[in-house]
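# Examining the three-dimensional arrangement
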Amino acid sequence: MATIWPLLLLLSVIFTAEAQQAEQPVIRRGSLLIPTGTNSSWLSRSGLYAFGFYEQGNGYAVGIFIAGIRNKTVVWTANRDNPPVPGDVKLHFTSNGRLVLQTAQGMETGIAGNTQGAAAASMLDSGNFVLYNSDNSTIWQSFDKPTDTFLPGQKLTTDEDMFSSYSATNQSTGIFRLIMQQDGYLAMYPVGTPPRLEYGYGGVGVSGEGPNVSLNFDADGRLYLLNGTGISIMNITKGDTTKGVIYRLTLDPDGILRHYSHNMDQNGVWNVTWSNPKDKCDPKGLCGINAFCDQDAGCECLPGFKRVNKDSWASGCERNFDSKCCKSNEAVTGYTMETELRTEWQNDSYSILTSPLTQEECGEACLGDCNCEAALYKDGKCMKQRLPLKFVRRNLSDSSVALIKVGTSPISPDPGVPKESKKKNRVDILIIGVSLLSFACIILVVSGIVVYKYRVWLYRNISNAL
Ligand SMILES: *[C@@H]1O[C@H](CO)[C@@H](O)[C@H](O)[C@H]1NC(C)=O
Ligand SMILES: *[C@@H]1O[C@H](CO)[C@@H](O)[C@H](O)[C@H]1NC(C)=O
């Protein structure tokens with residue numbers, strides 16, 4: 001009798017596994033979702049994950065979110081850069097096996113790229129949404145197309161990347177990029193810059209391990225790098241065997257890569273278990289152009305600039321004064337240089353004055369050149385630059401001084417005449433009076449002489465005539 005127990009145990013394990021597979025909710029062709037009501041999403045077996053509509057801005061987006069916790073967390077978004085859709089759209093798993101969003105006017109947008117001929121779909125408990133063909137093979141899965149979040153079970157291989165979201169409530173593409181590089185490093189860059197060291201701001205990896213290094217994530221929360229032959233080369237976070245904890249790795253809107261854990265109890269919240277980089281000002285371009293990041297104050301505009309967008313720093317700052325256009329290299333009046341100490345930026349100067357200059361001379365050089373809009377002064381060198389200024393940050397260990405050309409405000413016209421000029425007016429009147437008097441005197445003297453000479457002439461003529 002004792003020998004039968006292990007067999008029963010084995011059978012029960014097999015049956016449970018099979019039952020679980022069978023229980024994966026299968027979504028068939030002809031299924032439909034609408035943005036509101038109970039038919040707005042398809043749940044995974046345990047109800048932890050959901051695929052479907054969620055509220056976004058003044059409409060809806062389609063994606064995957066963690067539905068089993070109090071604060072629903074979006075982990076994937078379809079067509080993330082499309083505007084939110086109105087409440088009268090339908091998500092349709094068509095009879096020819098396409099997953100499409102249909103507007104009331106009949107416009108269609110593919111949700112899983114251009115995938116066609118899917119026989120079934122399923123929202124898995126791992127957070128992966130999968131489309132199968134009639135042979136039950138996976139033909140599309142959300143795990144292959146991460147947006148800003150990476151989940152246990154997912155794999156990021158060479159040249160694959162993720163992009164941060166615009167904000168916590170708007171999942172459209174933000175300003176940071178994470179990439180699994182050829183050289184084996186998992187690195188981060190501002191969007192729109194080439195993956196070169198000078199633009200990178202964070203990351204992890206082991207030197208000399210590329211190519212084909214991959215980022216992996218286990219259900220116990222362990223995040224690690226495997227080399228091309230599948231050998232573990234680096235553990236980024238440790239695994240935790242505590243049950244009832246879920247994990248995610250997100251490239252957040254502020255450019256920081258965070259590993260989060262969440263306890264499944266009622267009052268669970270997302271805890272940060274690991275993050276990179278540690279310095280919040282490290283992500284290059286966090287404050288946008290013409291703005292700088294300060295450890296304590298966060299983002300600020302440079303002197304003479306104002307914010308472009310009140311909701312996001314991504315668009316940076318613009319001038320708050322009119323700048324005159326520059327036709328030649330002439331000096332333009334109406335400007336002054338403002339100073340920001342211990343500030344550095346991406347050096348993109350068009351002219352570098354190297355003969356040792358003082359800070360004042362550097363400022364004068366920029367003022368005297370209408371092409372110059374800012375100058376970086378460091379160790380006697382003066383680097384003249386045009387706008388926009390990129391990746392500006394305060395660096396307390398740096399001796400650089402930022403000199404910014406700022407327009408002087410025009411003198412406001414004063415309606416009352418100031419005392420100074422009244423006094424001046426009196427002096428003017430006095431001078432004019434004296435002048436007039438002198439002129440009169442001269443006329444008097446001259447006319448006196450003329451009259452005398454005339455009389456003398458008249459006298460002579462008369463005497464000659466006599
Ligand atoms: C992976 O690491 C192992 C152990 O260090 C090494 O033997 C193997 O050659 C590496 N594979 C690649 C593709 O570098
Ligand atoms: C990472 O952790 C795993 C499991 O604890 C271990 O097997 C592996 O050797 C570790 N890798 C490295 C590079 O330390």
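What counts and how
Residues numbered from 1 in each chain as written. Chains lettered and ligands numbered in written order. Predicted model: local features only at pLDDT ≥ 70, side-chain atom pairs only at ≥ 80, totals over all residues. Heavy atoms only, no water. Helix = DSSP H or I, 4+ residues; strand = E, 2+ residues; numbered from the N terminus. Buried < 20%, exposed > 50% of the residue type's maximum accessible area, 1.4 Å probe, protein only. Contact = heavy atoms within 4.5 Å. Areas by Shrake-Rupley, 256 points an atom, 1.4 Å probe, with all protein chains shown as cover. Arc of directions from axis to C-beta. Near = heavy atom within 4 Å. Polar contact = N/O pair within 3.5 Å; in protein donor to acceptor, adjacent residues only side chain to side chain. Nonpolar A, V, L, I, M, F, W, Y, C, P; charged D, E, K, R; others polar. Pairing = 2+ DSSP bridges.

## Considering the overall build of the protein
A count of helices and strands for the protein gives three helices and 35 strands. Burial status across the protein gives 41% buried among its 466 residues. Partitioning the contacts of the protein with sequence separation of at least 6, the portion at a separation of at least 24 is 50%. Approximately 26300 Å² of the protein is accessible, and the part contributed by carbon and sulfur atoms is 55%.

## A closer look at helix H2 (residues 359-367)
When we look at burial in H2, the residues that qualify are Cys 362, Gly 363 and Cys 366. Buried residues of H2, seen end-on, are gathered within an arc of 100 degrees and therefore sit on one face of the element. For H2, the exposed residues set more than 90 degrees away from the buried face come down to Glu 360 and Glu 364. The elements touched by buried residues of H2 are strand S29 (335-341), strand S32 (374-378), strand S33 (381-385) and strand S35 (401-407).

## What about the site of ligand 2?
In the vicinity of ligand 2, the contacting residues are Arg 222, Ser 232, Ile 233, Met 234 and Asn 235. Contact between ligand 2 and Ser 232: a nitrogen atom at 2.8 Å from a side-chain N or O atom of the residue. Considering ligand 2 on its own, with 370 Å² of exposed area, one finds that the protein chains cover 39% of that surface. The residue makeup of the shell around ligand 2, split by class, is two nonpolar, two polar and one charged.

## So, the site of ligand 1
As a matter of local geometry, ligand 1 sits amid Asn 227, Gly 228, Thr 229 and Ile 231. Expressed as a share of its isolated accessible area of 360 Å², the protein-covered part of ligand 1 is 40%. When grouped by side-chain class, the residues that make up the shell around ligand 1 number one nonpolar, three polar and no charged.

## Brief notes about the sheet that holds strand S20 (residues 223-226)
In space, the four strands of this open sheet follow the order S14-S19-S20-S21, with antiparallel pairing throughout. The sheet is open, and its two borders are formed by strand S14 (155-156) and strand S21 (232-237), each paired with just one other strand. Bridge count for strand S19 (residues 214-217) against S20 is four bridges, and the pairing is antiparallel. By the bridge assignment, Phe 217 is partnered in S20 with Leu 223.

## So, the pairing of strand S5 (residues 59-66)
Within S5, eight of the eight residues are buried, which leaves it mostly tucked inside the rest of the structure. Across eight bridges, strand S4 (residues 49-56) lies against S5 in antiparallel orientation. Residue pairing for S5: Gln 56 is matched across the bridge by Gly 59. Hairpin connection, S4 to S5: the antiparallel pair is bridged by two residues, and Gly 57 has positive phi, about 55 degrees. Sheet topology places S5 next to strand S6 (residues 73-77); four bridges connect them, and they run antiparallel. Looking at the pairing, Ile 66 lines up with Thr 73 of S6.

## Some points on the environment of Gly 363
Considering the arrangement of structural elements, one finds Gly 363 in helix H2. Those residues within four positions of Gly 363 in sequence are excluded, and the remaining contacts are Met 337 and Leu 403.

## Considering the pairing of strand S12 (residues 138-141)
Along any regular strand, the residues point their side chains to alternate faces of the sheet. Relative to S12, strand S11 (residues 129-132) runs antiparallel, the two being bridged by three bridges. Its bridge partner lying in S12, Val 130 is registered against Gln 141. Where S11 folds back on S12, the antiparallel hairpin that results is connected by five residues, among which Asn 136 adopts a positive phi of roughly 70 degrees.

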